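Listed below, chain by chain, are the residues.
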Amino acid sequence: MPTVLSSLVAKLRANANAFFPQAYGVSLAEWRVLSFLREHEPASAYDIWTNAQLDKAVVSRETTSLKKKGLIALTPVRGSARNRSEIRLTSQGVALLDRSLDEILRRHSNLTAGLDARTLDTFFRVVDHIEHRIPHMADPSEHAAPAHAPVKRIAKRRSPSGA
């Protein structure tokens, strides 16, 4: 299952990494920072990387890039022991998000076309279940394994003599 999910995520990410720069002049990671800010501004870089599940270095790099593009503004927090800044969207950043929303919703609709609401609900329940089971992957208990657990299937090798 991890291999299948990893492959799916890689394909989705590659598609988005090609789409965002071409359509909006921002990377996928930049767009994720912008969309996080739309819901949670003002925010610090720490807020973004901890709550948006983005790498600290990625957030640092992307906020620098977004500031240069005029899509975010950084305001130093007075009295901050760590020289923190509040990060906010500029009017240009808000406009970019507004322009992109309909297209992104259309892309999501195209991705899930043919799946009804019940199927999507089941999918999200399965994803939630798997996410909660990750800490139990190393559990040695036999009770952790469902009846349909994968089994190791190794084809028997023929001996060199053909017997």
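The model shown is predicted, which means the values in this text are computed figures rather than measured ones. (Residues numbered from 1 in each chain as written. Predicted model: local features only at pLDDT ≥ 70, side-chain atom pairs only at ≥ 80, totals over all residues. Heavy atoms only, no water.)

## Let's talk about the packing of aromatic side chains
Inspection of the entire model under this criterion finds 5 aromatic pairs. Aromatic pair F19 and F20: ring centres 5.0 Å apart, planes at 70°, arrangement edge-to-face. Residues F19 and F20 agree in their burial class; the two are buried. Consider the rings of F123 and F124, whose centres lie 5.3 Å apart with planes at 70°: the pair is edge-to-face. When its relative accessible area of 42% is taken as the criterion, F123 is described as partly exposed. Following the ring pairs from residue to residue traces out a cluster consisting of F19, F20, Y24 and W31. R107 extends its terminal NZ or CZ atom over the ring of F19, reaching a point 3.8 Å from the ring centre. (Phe/Tyr/Trp six-rings, centres within 6.5 Å; stacked < 30°, edge-to-face > 60°. Buried < 20%, exposed > 50% of the residue type's maximum accessible area, 1.4 Å probe, protein only. Lys NZ or Arg CZ within 6 Å of the ring centre and 35° of its normal.)

## Quick look at unusual backbone geometry
Cis geometry is found at the peptide bond from E41 to P42, where omega equals -5°. Looking at where P42 falls in the secondary structure, it is placed in the loop between helix 2 (28-40) and helix 3 (45-51). (Helix = DSSP H or I, 4+ residues; strand = E, 2+ residues; numbered from the N terminus.)

## So, the pattern of salt bridges
In the structure shown here, the tally under the stated rule is 6 salt bridges. The salt bridge involving K69 is made with E30; its shortest N-O contact spans 2.9 Å. A residue pair is termed long-range when its members are at least 10 positions apart, and K69 in the loop between helix 4 (56-68) and strand 1 (72-76) and E30 in helix 2 qualify at 39 residues. Judged by relative accessible area, K69 falls into the partly exposed class, the value being 35%. Between D98 and R38 there is a salt bridge; the shortest N-O distance is 2.9 Å. You can see D98 sitting in helix 5 (residues 91-112) and its partner R38 sitting in helix 2, a full 60 residues away along the chain. With a relative accessible area of 38%, R38 lands in the partly exposed category. (Salt bridge = Lys/Arg side-chain N within 4 Å of Asp/Glu carboxyl O.)

## Some words on the environment of V77
Mapping V77 onto the fold places it in the loop between strand 1 and strand 2 (85-89). For V77, a relative accessible area of 36% gives the class partly exposed. Separated by 10 residues in the primary sequence, V77 and I87 place their C-alpha atoms 10.0 Å from one another. Apart from the residues lying within four places of it in its own chain, the contact partners of V77 are R84, S85 and E86. (Contact = heavy atoms within 4.5 Å.)

## A few points about helix 4
Spanning 13 residues, helix 4 covers 19 Å between terminal C-alpha atoms, matching the ideal 18 Å at 1.5 Å per step. Those residues of helix 4 that sit buried are V58, V59, E62, T63 and L66. The arc that holds the buried residues of helix 4, viewed along the axis, is 125°, so those residues lie on one side. Against the buried residues of helix 4 lie helix 2, helix 3, strand 1 and strand 2. Its side-chain oxygen 3.1 Å from the backbone nitrogen of A57, D55 forms the N-cap of helix 4. The positive-phi residue at the C-terminal boundary of helix 4 is G70, with phi of around 80°. (Expected span 1.5 Å × (residues − 1). Arc of directions from axis to C-beta. Polar contact = N/O pair within 3.5 Å; in protein donor to acceptor, adjacent residues only side chain to side chain.)

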